[in-house]
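Coordinate inspection notes
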Amino acid sequence: MHRAYGVNALWLSLAQIADRYPLVRTDDLAGGVYSPADGWLDSSSFLVGLRQRARRLGATFVAERAVGCETAGNRVTGVHLDSGRQIAARVVINTVGCWAPGLAAQLGWKLPIEPMRRFEHYAEAPATLSSLPFVKDAAHLAVRPEGVGLQTGVVDYAEPGAFNFSVDGAAGHFDTRVWPALAHRFPALDNLRLKSSVSGLYDQNRFDGNMVIGSWPGHLGNFYLACGFSGHGLMHAPAVGRALAELILHDEYQTTDLGRLGYQRITDGQPYRERGII
Amino acid sequence: MSQYTHEVIRCWREFVAGASDDEVPDLGWVQNGYLFVCDDDAAAGQLAS
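Chains are numbered independently. Their residues run from 1 in the order of the written sequence. A letter from A marks each chain and a number from 1 marks each ligand, given out in the order of writing. The model is predicted, so local features are restricted to residues of pLDDT at least 70 and side-chain atom pairs to those at 80 or more, both for listing and for counting; the totals for chains, interfaces and linings are taken over all residues.

Points about the overall build of chain A
Counting its secondary structure elements, chain A contains six helices and 13 strands. Considered along the principal axes of its C-alpha atoms, chain A spans approximately 65 × 45 × 40 Å. As a rule, residues whose C-beta atom has 12 or fewer other C-beta atoms within 10 Å are exposed, those with 20 or more are buried, and those in between are partly exposed; C-beta atoms are placed from the backbone. Each of the 278 residues in chain A was classed as buried or not, and the buried ones make up 32%. Partitioning the contacts of chain A with sequence separation of at least 6, the portion at a separation of at least 24 is 61%. A run of H or I in DSSP becomes a helix once it reaches four residues, and a run of E becomes a strand once it reaches two; helices and strands are each numbered from the N terminus. Distance between backbone-placed C-beta atoms decides contact: two residues are in contact if it is within 7 Å.

Written out as structure tokens, the structure is:
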């Protein structure tokens, strides 16, 4: 299917994985999907660049927190800020990540989105990893080369929903969850040294692990969502921006139909899970 | 990763700064690829097809 849509994705047999990436243990695998055009980047720089672009196109950033919306009939007419100020608005897009449910709830939307803490760990490794791709396996292990070691993590979907940015417990999580998974998939890396850990929040959609995009037909026609990205926002953000712009300007998606990712699927109890998300 | 994200990465300087001389943040883009390995025959069959 990927290739039918022009995505450069290759199926790798076990022999091909072993030949290309001898560090990867393959005796318990069935194969792998490799997309050579993908990679990783500095997400902070990406954000700074997007903001520069937006400013160049006329956007203004207000460093205040949106705490509510003003409505009239079935339209949103403004946004209340925590300073007490109000900004008039013809269109409001709720893109505030983990905080999106609070703002949406005031308007009657019940979003199944929670802040979910994730740890990322940096470890020095005895083996040279620089040629490794970003590797994920079914144990929710994610690994990529970084400096003289690797950046890694294991998603813990049992993490309770909370605005918890603490790195307390990160070393324990590495020892009990990450290191065993790493040592299993990369036996040559069983002698790692954990150097640092950071934490951050996914805006995790507990309903189906996918983003919520667009409006809610029949309710507040000029209020839109772009939230619940569940850890893959950067991968989709430019596409979502384009699609939402089309929806707002033309009242329909034109290049990419994201209708199935709308809020209606939640009220209808129709989850839209992506099987490839691990 | 969406094709639109790829387009932004590929045209990063122009995307951020256009024709201006504005400083553009270094993306630190590393195109080493993405490998999803699968240990379940049924799932692997779906992914391979």
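Back to the text.
Some remarks on helix H4 (residues 170-185) of chain A
Residues and elements named next belong to chain A. To get the bend at a residue, fit one axis to the 7 residues ending there and another to the 7 starting there, then take the angle between the axes. A bend of about 40 degrees at valine 178 is the largest found in H4, and the proline proline 180 appears one to four places after it. Buried within H4 we find Ala170, His173, Phe174, Val178, Leu182 and Arg185. Elements in contact with the buried residues of H4: strand S7 (113-124), strand S9 (141-146), strand S10 (149-154) and strand S11 (193-205).

A look at the sheet that holds strand S12 (residues 212-214) of chain A
Residue and element names in this part refer to chain A. Spatial strand order, S6-S13-S12: three strands in an open sheet with mixed pairing. Each of the sheet's edge strands pairs with one partner strand only, and the pair in question is strand S6 (92-94) and S12. Geometrically, the sheet is characterised by an average inter-axis angle of 30 degrees between neighbouring strands, direction not taken into account. The rule for pairing is simple: two strands pair if DSSP sees at least two bridges between them. Alignment of S12 against strand S13 (residues 223-227), held across three bridges, turns out to be antiparallel. Residue pairing for S13: isoleucine 213 is matched across the bridge by alanine 226. Lines are fitted to the C-alpha atoms to define the axes, a helix being fitted only along its stretch in contact, and any angle between axes, read from their N-to-C directions, falls within 0 to 180 degrees.

Let's talk about the interface of chain B and chain A
Of the residues lining the interface, 33 residues belong to chain B; the matching set on chain A comes to 40 residues. Those elements that provide at least two residues to the side of chain B that touches chain A are helix H1 (3-10), helix H2 (12-17), strand S1 (34-38) and helix H3 (41-48) of chain B. Lys, Arg, Asp and Glu make up the charged group, whereas Ala, Val, Leu, Ile, Met, Phe, Trp, Tyr, Cys and Pro make up the nonpolar group; the residues left over, Gly among them, are polar. Split into classes, the residues belonging to the side of chain B that touches chain A amount to 20 nonpolar, eight polar and five charged. Here strand S2 (residues 31-35) of chain A pairs with S1 of chain B via five bridges, running antiparallel. Residue pairing for S1 of chain B: glycine 31 of chain A is matched across the bridge by cysteine 38 of chain B.

Notes on the domain arrangement of chain A
Residue and element names in this part refer to chain A. For chain A, the assigned domains read domain 1 (1-37), domain 2 (43-112 + 208-267) and domain 3 (116-203). Counting from both sides, the interface comprises eight residues of domain 2 and, opposite them, four residues of domain 3. Looking at the side of domain 2 that touches domain 3, its residues break down into four nonpolar, four polar and no charged. Per the annotation, domain bounds derive from an automatic or database assignment of domains.

As for the sheet that holds strand S5 (residues 86-88) of chain A
Residues and elements named next belong to chain A. If you trace the three strands from one edge of the open sheet to the other, you get S3-S4-S5, paired in antiparallel fashion. Of all strands in the sheet, those with a lone pairing partner are strand S3 (66-72) and S5, marking the two edges. On average, each strand axis in the sheet is inclined to that of its neighbour by 30 degrees, with strand direction left out of account. Of the strand pairs in this sheet, S3 and strand S4 (residues 75-81) are connected by six bridges, and their pairing is antiparallel. Note on S4: the bridge partner recorded for alanine 72 is arginine 75.

A look at the nonpolar core
By convention the nonpolar core is taken to be a set of buried residues drawn from Ala, Val, Leu, Ile, Met, Phe, Trp, Tyr and Cys and joined through C-beta atoms within 7 Å. Membership of the largest hydrophobic core comes to 30 residues, with the highest contact counts inside it found for Val24, Ala125, Val135, Val143 and Leu182 of chain A together with Leu35 and Val37 of chain B. Sorting elements by how many residues they give to this core places S1 of chain B first, with five residues. Summarising the domain contributions, this core has at least three residues from each of domain 1 (1-37) and domain 3 (116-203) of chain A. Apart from residues no more than four positions distant in its own chain, valine 37 of chain B is found in contact with Ile17, Val24, Leu29, Gly32, Val135 and Asp137 of chain A. Counting residues in each nonpolar core, the second largest holds 29 residues, with Ala100, Leu111, Ile213 and Ala237 of chain A among its members.

Quick look at helix H5 (residues 233-250) of chain A
A helix is expected to reach a length of 1.5 Å times the quantity of its residues less one. The terminal C-alpha atoms of H5 of chain A lie 24 Å apart, and with 18 residues this matches the ideal 26 Å at 1.5 Å per residue to within 8%. Turning to H5 of chain A, its buried residues number three or more, namely His236, Ala237, Pro238, Ala239, Val240, Ala243, Leu244 and Leu247 of chain A. Looking at the buried side of H5 of chain A, the elements it contacts are S6, S12 and S13 of chain A together with H1 of chain B. Positive phi shows up at aspartate 251 of chain A, right after H5 of chain A, with a value of about 65 degrees.

Quick word on the packing of H5 of chain A against H1 of chain B
Where H5 of chain A contacts H1 of chain B, the axes come no closer than 7 Å and their chain directions differ by 100 degrees. As the angle between them shows, H5 of chain A and H1 of chain B are arranged roughly perpendicular. Residues Leu234, Met235, Ala237, Pro238, Ala239 and Arg242 of chain A of H5 of chain A lie in contact with H1 of chain B, whose contacting residues are Tyr4, Thr5 and Val8 of chain B. Here the residues of the contact of H5 of chain A with H1 of chain B sort into seven nonpolar, one polar and one charged. Each angle gets one of four labels, with under 35 degrees taken as roughly parallel, over 145 as roughly antiparallel, 65 to 115 as roughly perpendicular, and the rest as oblique.

Observations concerning the confidence of the model for chain A
The score called pLDDT rates the predictor's confidence residue by residue, from a low of 0 to a high of 100. Averaged over all residues, the pLDDT of chain A is 93; the fraction at 70 or higher stands at 99%. When pLDDT is averaged over each helix and strand of chain A, the minimum, 93, is found for strand S1 (residues 10-12) of chain A and the maximum, 98, for S12 of chain A.

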